[in-house]
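These are the residues of each chain, in order.
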Amino acid sequence: MAARDRDRFSTTTRLRLLGEQTAARVYRSQTKRQARRSRLTGRAALLALVLCSLIVALAYPMRQYVSQRAEIADLKHRQEQARARVEQLRDTKARWQDDAYAEQQIRRRLHYVMPGETGFVVIDPGTAKQSRTDRGAAHRPWYANVWDGVDKSDASDQ
């Protein structure tokens, strides 16, 4: 035990103990300093700068790509509509090639009748009253209507 007590009070032991305590303090202060220091290093800043420049460089082409894809989709939709319209017109043309269909349409649209038939046209009473009000200009001579038109255009200029 005496050797142990003697080692405890020796200068070397004291210096070694003092060095260990100082090293522990320095280590603690370095870790505090590192914790306070920013995590952004030069490499990280350069990487962030490169990523930002790539994003900026690719933004315009990506916008163009998206807009062109939308335009292509719109053109495809129009093309399908045009194809449907062409098919519909082909069907109509094929129907008009049939004489029975053509005769039916002529009778319905132009009010034609076959020889020996009597044609009737039914007029809606509301339209007959409306046409009577417009008839006032029809019963006058044509030059009176022309003169009224000149008077109206002259009055609109004033």
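In terms of regular secondary structure, the protein is built from six helices and zero strands. In the protein, the succession of α and β elements from N to C terminus is α-α-α-α-α-α. By residue count, 3% of the 158 residues in the protein fall in the buried class. When the accessible surface of the protein is split by element, carbon and sulfur atoms take 59% of a total near 15,200 Å².

Glancing now at the packing of aromatic side chains. Scanning the model with the defined rule gives two aromatic pairs in all. Ring centres of Trp96 and Tyr101 lie 5.3 Å apart, and the angle between their planes is 80 degrees; on these two criteria the pair is classed as edge-to-face. Ring plane angle 80 degrees and centroid distance 5.9 Å describe the contact between Trp142 and Tyr143, whose orientation is recorded as edge-to-face. Under the relative-accessibility criterion, Trp142 is labelled exposed at 63%.

Our focus in this paragraph is the confidence of the model for the protein. In the predicted model, the protein carries a mean pLDDT of 83, and the fraction of residues at 70 or more is 79%. Looking at the elements of the protein, mean pLDDT is at its lowest for helix H1 (residues 2-8), recorded as 57, and at its highest for helix H3 (residues 42-97), recorded as 94.

Relative to the helices and strands, Gln105 resides in helix H4 (residues 99-110). Only 2.9 Å separates the side chain of Gln105 from the side chain of Arg108, close enough to count as a polar contact. Setting aside residues no more than four positions away along its own chain, Gln105 makes contact with Trp96 and Leu110.

About the criteria used
- Residues numbered from 1 in each chain as written.
- Predicted model: local features only at pLDDT ≥ 70, side-chain atom pairs only at ≥ 80, totals over all residues.
- Heavy atoms only, no water.
- Helix = DSSP H or I, 4+ residues; strand = E, 2+ residues; numbered from the N terminus.
- Buried < 20%, exposed > 50% of the residue type's maximum accessible area, 1.4 Å probe, protein only.
- Areas by Shrake-Rupley, 256 points an atom, 1.4 Å probe, with all protein chains shown as cover.
- Phe/Tyr/Trp six-rings, centres within 6.5 Å; stacked < 30°, edge-to-face > 60°.
- pLDDT = per-residue confidence, 0-100.
- Polar contact = N/O pair within 3.5 Å; in protein donor to acceptor, adjacent residues only side chain to side chain.
- Contact = heavy atoms within 4.5 Å.

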